[in-house]
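# Structural overview
Spelled out, the chains give:
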Amino acid sequence: MRTAVITLAANRIAHLRNQIRGLSHSTQRPGDHIVVAMGDPAVLALAHRVPAHGIWMDAENPFPLAAARNLGARTAIDRGAELLVFLDVDCIPDPHLIARYRAAASAEPLLLCGPVTYLPPAPASGYDLTRLPDHRAPHPARPDPPAHTHTDSTDFDLFWSLSFAVTTDTWRRIGGFCTRYRGYGGEDTDFAHKAAAVGARLRWVGGADAYHQHHPVSDPPIEHLADILTNARIFHRRWGRWPMRGWLDSFAAAGHIAYNPATDTWDRTSSSSPDELCSPIGGGANGRNGCV
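Residues numbered from 1 in each chain as written. Predicted model: local features only at pLDDT ≥ 70, side-chain atom pairs only at ≥ 80, totals over all residues. Heavy atoms only, no water.

## Here we look at helix α3 (residues 65–78)
The terminal C-alpha atoms of α3, which comprises 14 residues, lie 20 Å apart, in line with the 20 Å expected from a rise of 1.5 Å per residue. Counted residue by residue, α3 has twelve buried out of 14 residues, so it is predominantly covered. Those residues of α3 that fall on the buried side of the exposure criterion are L65, A66, A67, A68, R69, N70, L71, G72, A73, T75, A76 and I77. (Helix = DSSP H or I, 4+ residues; strand = E, 2+ residues; numbered from the N terminus. Expected span 1.5 Å × (residues − 1). Buried < 20%, exposed > 50% of the residue type's maximum accessible area, 1.4 Å probe, protein only.)

## Overview of unusual backbone geometry
Omega for the peptide link from N61 to P62 comes to -5°, which places this bond in the cis form. Backbone geometry at H148 places phi at a positive 70°, although glycine is not the residue there. Within the secondary structure layout, H148 lies in the loop between β7 (116–118) and β8 (150–153).

## Considering the packing of aromatic side chains
Inspection of every chain in the model, using the stated rule, returns 14 aromatic pairs. Geometrically, the ring pair formed by F159 and F164 is edge-to-face, given 5.0 Å between the ring centres and 75° between the ring planes. Seen from their ring centres, Y184 and W247 are 5.5 Å apart, and the 25° between their planes marks the pair as stacked. Of this pair, Y184 sits in the loop between α5 (168–174) and α6 (187–197) while W247 sits in helix α8 (residues 245–253), placing them 63 residues apart in sequence. Relative accessible area serves as the criterion here: at 33%, Y184 is assigned to the partly exposed category. Sitting above the plane of the F177 ring, R69 keeps its charged end 5.0 Å from the centroid. In this structure, R142 packs its charged tip against the face of W160, placed 3.8 Å from the ring centre. (Phe/Tyr/Trp six-rings, centres within 6.5 Å; stacked < 30°, edge-to-face > 60°. Lys NZ or Arg CZ within 6 Å of the ring centre and 35° of its normal.)

## Quick word on the pairing of strand β1 (residues 3–9)
Burial of β1 is extensive: seven of the seven residues sit out of reach of the surface. Burial along β1 is two-sided: T3, V5, T7 and A9 and A4, I6 and L8, pointing in opposite directions, are all buried. Pairing geometry for β1 and strand β4 (residues 83–87), over four bridges, is parallel. For V5, the partnering residue across the bridge sits in β4 and is V85. When β1 meets strand β2 (residues 32–38), the two strands line up parallel, connected through six bridges. Within β2, the residue paired with A9 across the bridge is A37. (Pairing = 2+ DSSP bridges.)

## Here's the deal with the side chain of R203
You can see R203 is positioned in strand β10 (residues 201–205). Within the structure, R203 has its side chain in polar contact with the side chain of D152 (distance 2.7 Å). With sequence-adjacent residues up to four places away left out, R203 is seen in contact with A104, E108, L110, L111, L112, C113, H150, T151 and D152. (Polar contact = N/O pair within 3.5 Å; in protein donor to acceptor, adjacent residues only side chain to side chain. Contact = heavy atoms within 4.5 Å.)

## As for the sheet that holds β7
Taken in spatial order, the three strands line up as β5-β11-β7 in an open sheet, and their pairing is mixed. With partners counted over all chains shown, the strands left at the sheet margins are β5 (91–93) and β7, one partner each. Sheet twist, expressed as the average angle between the axes of neighbouring strands with direction ignored, equals 25°. (Axes fitted to C-alpha atoms, helices over the stretch in contact; angles between N-to-C directions.)

What follows is the structure, given as structure tokens:
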């Protein structure tokens, strides 16, 4: 099964290099590595220097992640891919990730997800890729079946786009990501609900591990509040409920937003400081609209 790995990247050169190194250690190499450079010439230059296929996308914050994934998928399919493996640029694949996803793929519509471990900060010498399994501690909120097994789930809210795979037939059936979303949050939950709506199943694949490289984050991610609030409203209009409730509730507890039950809306409060928040900035968005 010809497999393409699809990665979106901007301002993460060191992380992308580690991912490329990780793929080179795979027990089964992918046929293609599609790297979508979102407005970052350095990413495109790196992709051209290594065994990857780099494609350019005009983009600024908030990044058009949904449209970029659609562009990467179309490119991979045009180049003959039968299985699409999406890896966040921060993720280093386990040597068995490609093989496990290939073994789990079938003719039935499936969203295949693997366990993800969040790594501690890298030492001064960088991560030793041969020792990453020593740090293995998958996110506790998601299934972690033993290697060579899988677990099916009906909780599509658990889907995340850090590491997942679909056959090209399933991708076409789902229709790709909805490109109304820009920036951080919501587009992956929307994609999962689109998958459920067309009868796809969510399957967690044991042994398809990925290791998420450390970078500073805030909890809740206040720097992404504007994106999250905008994307949550888009999701609510499309699906009739609010996603990302953990983050929304945390922002509310901190006084940045408030829920109005009379209108069923979340809005910023006067105490929200514009300096803390990401303002929407225009940018190019290649790719067809995935909204259906």
